[in-house]
Amino acid sequence: MIEEEKDSLNTEDTPEETEVSEAAEETAESGEPEEAVSEETEENPVEALEAKVKALEDAAAADKDKYLRLLAEYDNFRKRSVKERLDASADATAKAALEVISVIDNFERAMAAECSDESYKKGVEMIYGQFTEVIKKLGVEEIDALGKEFDPNLHNAVSQVEDENFGENTVSQVYQKGYKLGDKVIRCAMVVVANP
C-alpha cells in the first residue's frame, strides 16, 4: 500500500508543473520556436525606450523654450534699464540747464539796459558768453523762433497781432527764448504770433 501511494505521488503533477507543461504543449502545437516568444518581450523594451526618448526630447524642448523666454526677458530688462538711465540723465541735465537759462535771461536783460561804463558792459557780456558756452556743452540748443511758422510744440503764444510784414501764422516777436535738449523741449519760446 505504501508503494502504491508513492507511485501516485510520483505521477501527480503540482499546479506549477501543469502550467509549464501546458505552455510547452501550446508552443509545440503552434509550431512557433521559442525565439519568437523572446522577440515579443524584446519589442516591449524597445517601445519603452522610444517612449522614454520622446519624453526626454519633449522635456528638453520645454526647457529650451523656457531658456529662450528667460533670455528675451533679460534682454528686454537690460534695454529698459539703459533707457531709464539715459532718460534720468537727460532729465537731470534739463533741470540743471533750466536753472542756468534763468541766469542767462537776467544777463540778457542787463546787457539790454543802458550803461555808460563800457568795461562793466564788456564784463557782463563775457560772463553771459561763459554761461551760454556751459549750456552748449550740456547739449542744450536755443529754439529758433523769430520769423518761423508758429509751432505749439515749440512756442508759447502770449499775443496775436496783424502785421503785413509777416506771413500767416508766423512768429513776429520773441519775449523769451526757448531751449531744447536733443528732441526734448526744456522751455518753450514765449512769442507773439502775426496773422493767426
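Refer to the structure presented above.
Quantities reported herein were computed from a predicted structural model and do not represent experimental measurements.

Draft legend 1. Just helix α4 (residues 118-137), in detail. Between its first and last C-alpha atoms α4 spans 29 Å; for 20 residues at 1.5 Å apiece the expected length is 28 Å, and the two agree. Of the positions making up α4, those classed as buried are V124, Y128, T132 and I135. Take α4 and look down its axis: the buried residues cluster within an arc of 75 degrees, on one side only. Among the exposed residues of α4, those oriented more than 90 degrees off its buried face are S119, K122, M126, Q130 and K137.

Draft legend 2. Quick look at the pattern of salt bridges. All told, the structure shown has ten salt bridges when counted by the stated rule. Among the ionic pairs, D75 bridges to K79, the shortest N-O distance being 3.4 Å. Of the two residues, D75 and K79 are both situated in helix α3 (residues 34-112); the distance of four residues between them amounts to about one turn of the helix. Put simply, K184 and D91 hold a salt bridge, and the shortest N to O gap is 2.4 Å.

Draft legend 3. Quick look at the side chain of S172. Structurally, S172 can be placed in strand β3 (residues 170-176). Apart from residues no more than four positions distant in its own chain, S172 is found in contact with L146, V161, F166, V192, V193 and A194.

Draft legend 4. Structural view of the environment of A110. Tracing the backbone through its elements, the reader meets A110 in helix α3. What makes A110 partly exposed here is its relative accessible area of 42%. Here the alpha-carbon distance between A110 and K121, two residues eleven residues apart in the chain, equals 8.6 Å.

Draft legend 5. Looking closely at the sheet that holds β3. Strands sit in the order β2-β6-β3 across an open sheet of three strands; the sheet is mixed. Looking at the sheet topology across the chains shown, the edges are occupied by β2 (155-161) and β3. In this sheet, adjacent strand axes meet at a mean angle of 35 degrees when their direction is disregarded. Bridging between β3 and strand β6 (residues 189-194) involves five bridges; their strand directions are antiparallel. In the sheet register, V171 faces β6, and the bridge partner there is V193.

Rules of the game
Residues numbered from 1 in each chain as written. Predicted model: local features only at pLDDT ≥ 70, side-chain atom pairs only at ≥ 80, totals over all residues. Heavy atoms only, no water. Helix = DSSP H or I, 4+ residues; strand = E, 2+ residues; numbered from the N terminus. Expected span 1.5 Å × (residues − 1). Buried < 20%, exposed > 50% of the residue type's maximum accessible area, 1.4 Å probe, protein only. Arc of directions from axis to C-beta. Salt bridge = Lys/Arg side-chain N within 4 Å of Asp/Glu carboxyl O. Contact = heavy atoms within 4.5 Å. Pairing = 2+ DSSP bridges. Axes fitted to C-alpha atoms, helices over the stretch in contact; angles between N-to-C directions.

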